[in-house]
Amino acid sequence: MQFKVCGITSIDQANLLDAMEVHYVGFIFYPASKRYVLDKLTLNDLANFKPSHAKKVGVFVNEPLEQLLSIAKEAGLDMVQLHGDEDVDYCAAVEKTIPVIKVFRVGGLLPNFVPFEQAASYFLFDTDSKMYGGTGQHFNWELLKNTPIDKPYFLSGGIGPNDEQGIKIMRNTKAGNTLMALDLNSQFEIESGVKDLEKLKTFINVCI
């Protein structure tokens, strides 16, 4: 199991997460988010963060294509996470330059992700909300469990320290075959954008 810690707003914490051998460190480039990285750091700060283990992931919501590609280049991102209403053509255009994690927001139904299989490197399933994520709430994992998913994917949506057993169950379902990583954020925060690293370390050690 791999781990992504998202909503980072401090290079010090980013370096500590890299030292913990977290696989992905996520920075949010959505101005409406309370974890908007450019409120705290510059693109140059992000470019100078050169992790030895983790990949740098930029999270975007309906960003104009050229602006996204410019930010990704200037910040030295390794991957981008598309968390908005981006269509297949947009994802495919981004994927030509940088690997894409395409997010599907799950409410009462599982969205149709099949058309995106050739337009993204990875999928991510998160809880639906008007704010494009960041709810701290689960979606109904039962919607995923019996669905074969041909792409490696991230599981997101309010995952916290009490989810160890549910994750073990998920890993033994049809959908568990390609469950690659857990996306951790709000349930491991001291305040928005500041993580409780000991809490993260304990949870990661249990889930490995």
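Now for a description of the structure that goes with this document. Being a predicted model, the structure only gives us computed values, none of them experimental.

Turning our attention to the pattern of salt bridges. If the charged atoms of two oppositely charged side chains come close together, the side chains can form a pair. Taken as a whole and assessed by the stated rule, the structure comprises nine salt bridges. Residue Asp128 is joined to Arg105 by a salt bridge in which the shortest nitrogen-to-oxygen separation is 3.4 Å. Of this pair, Asp128 sits in the loop between strand E6 (122-127) and helix H5 (142-145) while Arg105 sits in strand E5 (residues 100-106), placing them 23 residues apart in sequence. On the basis of relative accessible area, Asp128 is assigned to the partly exposed category, the value being 40%.

Turning next to the packing of aromatic side chains. Scanning all chains against the criterion turns up 13 aromatic pairs. On the basis of an interplanar angle of 65° and a centroid distance of 6.2 Å, the ring pair of Phe104 and Phe113 is categorised as edge-to-face. Here the two residues Phe104 and Phe113 agree in accessibility, since each one is buried. Between Phe123 and Phe125 the ring centres are 6.4 Å apart and the planes differ by 85°, which places this aromatic pair in the edge-to-face class. Among the aromatic residues, those joined into a ring-pair cluster are Phe104, Phe113, Phe116, Phe123, Phe125 and Tyr153. The cationic tip of Lys102 hangs over the ring face of Phe104; the distance from NZ or CZ to the ring centre is 5.8 Å.

Moving on: the packing of helix H6 (residues 164-171) against helix H7 (residues 197-207). For any two helices packed against each other, one specifies the inter-axial angle together with the distance between the axes. Remark: H6 packs on H7, axes separated minimally by 10 Å, with the N-to-C direction vectors making an angle of 35°. The element H6 and its partner H7 pack so that their crossing is right-handed. Packed against H6, whose contacting residues are Glu164, Ile167 and Arg171, the element H7 presents Phe203, Val206 and Cys207 at the interface.

Before going further, it helps to spend a moment on the environment of Ser52. Checked against the element boundaries, Ser52 lands in the loop between helix H2 (43-48) and strand E3 (55-60). With relative accessibility at 71%, the residue Ser52 sits in the exposed group.

Moving on to the environment of Leu17. By secondary structure assignment, the location of Leu17 is in helix H1 (residues 11-19). C-alpha of Leu17 to C-alpha of Tyr36: the two residues are 19 residues apart in sequence and 18 Å apart in space. What Leu17 contacts, discounting residues up to four positions off in sequence, is Val5, Ile8, Val22, Val25, Leu197 and Leu200.

The subject of this paragraph is the nonpolar core. In terms of nonpolar packing, the biggest core is built from 56 residues, with Val80 and Phe125 touching the most fellow members. Sequence-distant contacts of Val80, that is, excluding residues within four places in its chain, are made with Val57, Gly58, Phe60, Leu68, Ala72, Val94, Ile98, Pro99, Val100 and Ile101. Core analysis: the second largest hydrophobic core is formed by nine residues, Met79, Ile101, Val103 and Phe154 among them.

It is worth spelling out the environment of Asn185 at this point. Structurally, Asn185 is set in the loop between strand E8 (179-184) and strand E9 (189-191). By relative accessible area, Asn185 is classed as buried at 16%. Separated by 20 residues in sequence, Asn185 and Gln165 have C-alpha atoms that sit 19 Å apart. Leave out the neighbours within four places in its chain, and Asn185 touches Cys6, Gly7, Ile28, Arg35 and Lys195.

Quick look at H1 now. Those residues of H1 not exposed but buried are Gln13, Ala14, Leu17 and Asp18. Each buried residue of H1 lies within a common arc of 140° when the element is viewed along its axis, so the set occupies one face. Residues of H1 that are exposed and angled more than 90 degrees away from the buried face: Asp12 and Ala19. Those residues of H1 hidden inside the fold are in contact with strand E1 (2-5), strand E2 (24-28), strand E10 (194-195) and H7. The N-capping residue of H1, defined by a side-chain oxygen 3.2 Å from the backbone nitrogen of Asp12, is Ser10. Taken from the residues just after H1, Glu21 is the one with a positive phi, measuring 65°.

Among the secondary structure elements, Glu63 is positioned in the loop between E3 and helix H3 (65-75). One buried charged residue, Glu63, forms no salt bridge at all, with the nearest opposite charge on Lys102 at 13 Å. Not counting chain neighbours up to four residues away, the residues in contact with Glu63 comprise Phe29, Leu68, Ile71 and Tyr90.

Cut-offs applied
- Residues numbered from 1 in each chain as written.
- Predicted model: local features only at pLDDT ≥ 70, side-chain atom pairs only at ≥ 80, totals over all residues.
- Heavy atoms only, no water.
- Salt bridge = Lys/Arg side-chain N within 4 Å of Asp/Glu carboxyl O.
- Helix = DSSP H or I, 4+ residues; strand = E, 2+ residues; numbered from the N terminus.
- Buried < 20%, exposed > 50% of the residue type's maximum accessible area, 1.4 Å probe, protein only.
- Phe/Tyr/Trp six-rings, centres within 6.5 Å; stacked < 30°, edge-to-face > 60°.
- Lys NZ or Arg CZ within 6 Å of the ring centre and 35° of its normal.
- Axes fitted to C-alpha atoms, helices over the stretch in contact; angles between N-to-C directions.
- Left-handed = near helix turned anticlockwise from the far one by under 90°.
- Contact = heavy atoms within 4.5 Å.
- Core = buried A, V, L, I, M, F, W, Y, C linked by side-chain atoms within 4.5 Å.
- Arc of directions from axis to C-beta.
- Polar contact = N/O pair within 3.5 Å; in protein donor to acceptor, adjacent residues only side chain to side chain.
- Lys, Arg positive; Asp, Glu negative; His and termini not counted.

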